[in-house]
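Summary of the model geometry
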Amino acid sequence: MPDLPTPQGWEWTALSDIAQLESGHTPSRKHPEYWDGDIPWIGLKDAIEHHGKVIFDTYQHVSDLGLANSSARLLPPDTVCLSRTASVGYVVVMGRSMATSQDFVNWVCGKKINPHFLKYVLLAENDALLRFASGTTHQTIYYPEAKAFHVCLPPLPQQKSIVHILKALDDKIELNCRMNETLEAIAQAIFTSWFVDFDPVRAKAEGRQPEGMDEETAALFPDGFEVVDGREVPKGWTVESLDCNIEFMNGLACQKYPPIDELDSLPVIKIRELNNGITSNTDKASKSVPLKYLIKNGDILFSWSGSLQICIWSYGEGILNQHLFKVSSELYPKWFCYLWTHHFLEDFRSIAADKATTMGHIKRHNLRDAKIIVPPMELFSEIDQILSPLIEMQINNAIHSRTLAEIRDQILPKLISGEIRVKVA
Amino acid sequence: MARKKSNGDKKSNSGAIIGFEAKLWEAADKLRSNMDAAEYKHVVLGLIFLKYISDSFEERYTHIKREVSNPKSEWYVAEPDQQYAVLEDPDEYLAENVFWVPRVSRWSYLQAHAKSPKIGVLIDDAMVEIEKCNPILKGVLPKDFGRASLDKQRLGELVDLVGGITVGDKESRSKDVLGRVYEYFLSQFASAEGKKGGQFYTPRCVVRILVAMLAPYHGRVYDPACGSGGMFVQSEEFVEAHGGRKNDISVYGQESNSTTWRLAKMNLAIRGIEGNLGDHAADSFANDLHKDLKADYILVNPPFNMKDWGSEKLRQDVRWKYGIPPKNNANFAWMQHFIHHLAPTGQAGVVLANGSMSSNTSGEGDIRRNIVEDDLVDCMVALPGQLFYSTQIPACLWFLSRDKKNNRFRNRRREILFIDARTMGVMVDRTHRELTDEDIDRIAGTYHAWRGDDGAGEYEDVPGFCKSETLEEVAKHGYVLTPGRYVGAEIVEDDDAEPFAEKMERLTAELRNQILKSHELETIIESNLGDLNYDK
């Protein structure tokens, strides 16, 4: 492992001396009774999705019978699992008793090592772990290699202090993620109630006071409906095509703009980046692309082929690749563009799924066929005050999380190696 | 219409399972050792058939014997040689629809020689004798058990195995059991042969949905690509399950592959179905064996996207009423063949590749438009993927109706019902999906309600599942018949189940907690990083 001097009070130890090495196994798929039981069973997909986190539930479950008839064992909470084959290097900590597939090496930590400290060690040493993997088609870390792992450990109290620092950062990132889900759900709920179900208008039409708003706001909603273009809309509101005042700008074929050097390059945003953010696999292109293709935090991006998705970008500057729309409007606020496009997402997905070709997609005319309802301007600015902060806070949280993650990634190797020392609390 | 299930029966649709078929299959598969499944199929199925006709013969034999030797019976015969003469009179058997089985072909005789190295030749002789005595089976039975490549010891063990097939309970006669074993083995062979298996076997759940939709109570049932005859077997089962008699429907079929045609002949015989499959195997396009047939029900699963179907010789065919089918794809040649054979109030249920619903190449779009405009299409069903052995691609069902004003049902002219069943079914193994009984009931029930069957209930559009559409609307979609286009997106209900006010209350409380927690964490992080002396 790293050839740094051993910090004072730290000690190199064989991991297998202080933690019990356990393997995993897959019960036979030929026996349905071995599956769908109560015992969570970690597979690679689970590890990839919960990388670096505590895992509480899994995609697949095995039964007691399945466990009894395989060499998999039920491992206790706080077991640290490392994926050792195919996708090597994903680390999770069990939040409750679980079993794993044979794709993992698992450590049940003894008294001398904090499981979360081990997790951070494995995360910090990810590159080194990959070097242990061998095999041509499937990179694999074999058990003898895993047995040979050594760690440099500080005393337990110090391990806990280090974990405390890193975990606070991780917890905040996780919390931001959940907070954004809440903010999104609130925005969706308000939008659906007011723009799709017209609850306030219905309430007024029936002589009731609309729920959840002050009288001033309520006064801005009409008290009845009229028919526009064959559909019933609140009086005074208009119907238009989704793409009438909202621009859906397609990205460009970035391979035509190779970067000249590192300074000239920016990450290319493709569908994969919508999901995973900017990673080491992200392509680069030259900054010299037309300005309108430069994406910054807070831009709405919509992938119109493959698995249709919409998101608000938060991974920093990048260049928009083809198959992605940047959704924007000079007339309407961001939440309006985002929520309306989101509203049609399921429809668009089913249109795309119907395409006989390999990759489903939607066409311009599908945007035109999608009709949105627009309230009059004075109501718009009122609603904007309610919905805009919900969206802005989401963007802010996401960017905040990136910063936190960057700090964590910077200090993680230094803390784990003892290069930065921490006071024991 | 499902058979009574025994306990522990998990896969109710993959064949008529009663547990022991699976065990039997396991045993038979062991004896297969390294023989090709396609070859072994004929060995095993041939033996099952032999056991079947021998068993039914013995049953009749015992019956006659009891009658002729019972002084109280009207069949009583006093003299022993006269008794023998009656017992050995083929007509006594044929009259009851039982095949006459000569002595050397009887199972007891073969069983006694199971351990003999000559067993192969004996079975061949048995087959030849049966064919001689029963012209209807001429050229149908496999007769190469004597070939050198067939391990005689294994064959003997197989004879023992088939001979050991016993009746589960007293009510079910051995004939029924053998019929079910035969069908189960067909399905297993289809699975074992993989891609090629689709040529002779349509998955049971797909056949069942066609039968359930069309409900063929009586009349002529036709399958011009009948494979091993599964459509007929299921149709008969349907009729019997609904209190009818086998003779209420008459069966017409055709099959181009001669070995598959034999499987079908045996399958019908083993079920006691009298069917007209022609005198030989033949291609329905080039050599239509039922030229004048107008069928009341057509149930068919033709090969998907068949390329070389011999179009050049058939440019001017009477069947191409809606347009000349392209020479590199037979889908719409099949479709027009079926329409040609439909009686004035006939209905058809057809399994086709998904491309048939939307393709616009080589004139297919025009043919489809003409068929739709002639108001023949009654209902379209999109199936989930992985239902078939031959292909992983999803397929669809076309239901045609010659007369949509037919007074048996509601007048539904210029309307089409679209059903999207793509999300239905359960995986029964890694690569195969099956529709469950509930799925089939829901799809067929929806169609029956829509078309106005008695007691089928009220029809209602269900977003994401079914939609009744006018031809005008279909025309607007360029005559594309993909159900997904019409049924729309499923309404996610649990989201709407929570009233707006309550939802907001819950979400707001959640957010408040998260913000509090966020402040806490911010303080901790700040202090932590302060400890590391980076905050200057």
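Residues numbered from 1 in each chain as written. Chains lettered and ligands numbered in written order. Predicted model: local features only at pLDDT ≥ 70, side-chain atom pairs only at ≥ 80, totals over all residues. Heavy atoms only, no water.

**A look at the packing of helix α7 (residues 156-196) of chain A against helix α18 (residues 500-531) of chain B**
As a reminder, the rule being used: Where helices are involved, their axes are fitted lines through C-alpha atoms of the stretch in contact, as for all axes, and angles between N-to-C directions lie from 0 to 180°. Each helix corresponds to a stretch of at least 4 residues labelled H or I by DSSP, and each strand to a stretch of at least 2 residues labelled E; elements are numbered beginning at the N terminus. By definition in this entry, angles of less than 35 degrees are roughly parallel, angles greater than 145 are roughly antiparallel, angles of 65 to 115 are roughly perpendicular, and the rest are oblique. What makes a crossing left-handed is the near helix being turned counterclockwise from the far one by less than a right angle; a clockwise turn instead makes it right-handed.
The contact between α7(A) and α18(B) brings their axes to 9 Å, and the two run at 155°. Accordingly, the angle class assigned to the pair α7(A) and α18(B) is roughly antiparallel. Pair α7(A) / α18(B) crosses with left-handed handedness.

**With respect to the sheet that holds strand β17 (residues 294-295) of chain A**
Sheet strands pair by backbone hydrogen bonding; their relative direction is either parallel or antiparallel. Residue and element names in this part refer to chain A. Condition: By this definition, two strands are paired if DSSP reports at least two bridges between them.
Pairing in this open sheet of 4 strands is mixed, and the strands run β16-β15-β20-β17 from one edge to the other. Taken across any chain shown, the strands that pair with only one partner, and hence form the sheet edges, are β16 (284-286) and β17. The sheet contact formed by β17 and strand β20 (residues 318-320) spans 2 bridges and is antiparallel. Bridge pairing in β20 places L294 opposite I319.

**A closer look at the interface of chain B and chain A**
What counts is decided by this rule: Contact between two residues is taken to exist if any of their heavy atoms lie within 4.5 Å; hydrogens are not considered. Buried area adds together the accessible area that both of two parts lose upon being put together, with accessible area traced by a 1.4 Å probe. Definition used for salt bridges: Asp or Glu carboxyl oxygen within 4 Å of a side-chain nitrogen of Lys or Arg. N or O atoms closer than or at 3.5 Å make up a polar contact, with two conditions inside protein: a donor-capable atom paired with an acceptor-capable one, and, for residues adjacent in sequence, both atoms drawn from side chains.
Counting from both sides, the interface comprises 26 residues of chain B and, opposite them, 33 residues of chain A. Summing the contributions of chain B and of chain A, the shared interface buries around 2,500 Å²; its carbon and sulfur component is 73%. On the chain B side of the interface with chain A, the three residues burying the most area are B:F500, B:Q514 and B:L532, jointly 23% of the side's total. Our count for the chain B to chain A interface comes out at 1 salt bridge. Its salt-bridge partner being A:K172, residue B:E522 comes within 3.7 Å of it at the nearest N-O pair. Linking chain B with chain A are 2 residue pairs in polar contact (both at pLDDT 80 or more). Elements with a contribution of two residues or more to the side of chain B that touches chain A: α16 (483-487) and α18 of chain B. Top contributing element to the side of chain B that touches chain A by residue count: α18(B), with 19 residues.

**Things to note about the pattern of salt bridges**
The line we're drawing: Exposure classes here rest on a 1.4 Å probe applied to the protein chains alone. A residue is buried below 20% of its type maximum, exposed above 50%, and partly exposed in between.
In the structure shown here, the tally under the stated rule is 39 salt bridges over all chains. The shortest N-O distance in the salt bridge between B:D366 and B:R369 comes to 3.3 Å. Here B:D366 pairs with B:R369, and both are found in helix α13 (residues 364-373), just 3 residues apart, close to one helical turn. Accessibility expressed as a relative area gives 40% for B:D366, which makes it partly exposed. The partly exposed category is assigned to B:R369, whose relative accessible area is 33%. Several salt bridges converge on common partners, so that one network encompasses A:K53, A:E174 and A:R178.

**Some words on the pairing of strand β12 (residues 231-234) of chain A**
Residue and element names in this part refer to chain A. As defined by bridge partners, strand β11 (residues 225-228) adjoins β12 across 4 bridges and the pair is classed as antiparallel. Across the sheet, F225 pairs through a bridge with P234, a residue of β12. Connecting the antiparallel pair β11 and β12 is a turn made up of 2 residues, with D229 showing a positive phi of about 50°.

**Topic: the nonpolar core**
The criterion, for reference: Nonpolar core, defined: a set of buried Ala, Val, Leu, Ile, Met, Phe, Trp, Tyr and Cys residues in which side-chain atoms within 4.5 Å join the residues together.
With 114 residues, the main nonpolar core has B:I48, B:I123, B:F185 and B:V381 as its most contacted residues. When near neighbours in sequence (up to four residues on either side) are disregarded, B:F185 contacts B:E21, B:L24, B:W25, B:A28, B:V44, B:L45 and B:I48. Counting 58 residues, the second largest nonpolar core, distinct from the first, contains A:M213, A:F248, A:F336 and A:V374.

**Brief notes about the environment of B:W75**
Residue and element names in this part refer to chain B. With respect to the helices, strands and loops of the structure, W75 is situated in the loop between α2 (37-68) and α3 (80-87). Here the alpha-carbon distance between W75 and I64, two residues 11 residues apart in the chain, equals 8.3 Å. Filtering out sequence-adjacent residues up to four positions away, W75 remains in contact with E67 and V68.

**Comments concerning the confidence of the model for chain B**
Low pLDDT means the predicted coordinates in that region are not meant to be read closely. All names here are of chain B. Under the convention used in this document: Confidence scores labelled pLDDT are given residue by residue by the predictor and lie between 0 and 100.
Scored by pLDDT, chain B comes out at a mean of 83, with 90% of its residues at no less than 70. When pLDDT is averaged over each helix and strand of chain B, the minimum, 49, is found for helix α17 (residues 493-497) and the maximum, 95, for strand β6 (residues 377-382). Between residues 1-18, whose pLDDT stays under 50, and residues either more than four places distant or in other chains, the model counts 37 contacts. Long-range and interchain partners of residues 167-172, a stretch whose pLDDT sits below 50, account for 7 contacts in this model, where long-range means more than four residues apart.

**A short note on the environment of B:Q336**
Looking at the secondary structure, you find B:Q336 in helix α12 (residues 331-340). Expressed as a C-alpha distance, the spacing of B:Q336 and B:R319, which sit 17 residues apart in the sequence, is 6.0 Å.

**A word on helix α7 (residues 152-163) of chain B**
Residues and elements named next belong to chain B. Note the cut-off: Expected helix span is taken as 1.5 Å per residue step, with the number of steps being one fewer than the number of residues. As used here, the arc is the angular range of directions from the helix axis to the C-beta atoms.
The end-to-end C-alpha distance of α7 is 16 Å, a good match for the 16 Å that 12 residues give at a rise of 1.5 Å each. What α7 keeps buried is the set K152, L155, G156, L158, V159 and V162. One side of α7 holds all its buried residues, which, seen down the axis, span an arc of 160°. The N-cap of α7, judged by a side-chain oxygen 2.9 Å from the amide nitrogen of Q153 a few residues on, is D151.

**Here we look at the sheet that holds strand β2 (residues 19-22) of chain A**
Residues and elements named next belong to chain A. Strand order in the open sheet made by the 5 strands is β2-β9-β6-β7-β4, with mixed pairing throughout. Whereas interior strands pair on both sides, the edge strands pair on one side only; in this sheet they are β2 and β4 (53-55). Between one strand axis and the next, the sheet turns by 30° as a mean value, whatever way the strands run. With 3 bridges joining them, β4 and strand β7 (residues 91-94) adopt parallel strand pairing. In the strand pairing of β7, V54 is matched with V93.

**Points about unusual backbone geometry**
Residues and elements named next belong to chain A. With a phi close to 75°, D78 is a non-glycine residue in the positive phi region. Position of D78 among the secondary structure elements: in the loop between α3 (64-68) and β6 (80-83). Even without glycine at this site, F198 takes up a positive phi of about 50°. Summarising the element assignment, F198 is placed in the loop between α7 and α8 (199-205).

**Topic: the packing of aromatic side chains**
Residue and element names in this part refer to chain A. The following threshold applies: Classification of ring pairs rests on two measures: the distance between centres of Phe, Tyr or Trp rings, Trp counted by its six-membered ring, which must be within 6.5 Å, and the angle between planes, read as stacked under 30 degrees, edge-to-face over 60 and tilted in between.
Applying the stated criterion across every chain, the model contains 44 aromatic pairs over all chains. Here F195 and W237 contribute two aromatic rings whose centre-to-centre distance is 5.8 Å and whose plane-to-plane angle is 45°, an arrangement assigned as tilted. In this pair, F195 is assigned in helix α7 and W237 in the loop between β12 and β13 (238-241), connecting sequence segments 42 residues apart. Residue classification places F195 among the buried residues on the basis of a relative accessible area of 1%. For the pair W335 and F336, a centre-to-centre distance of 5.6 Å together with 85° between the ring planes defines the contact as edge-to-face. Looking at F336, the relative accessible area reads 0%, which means it is buried.

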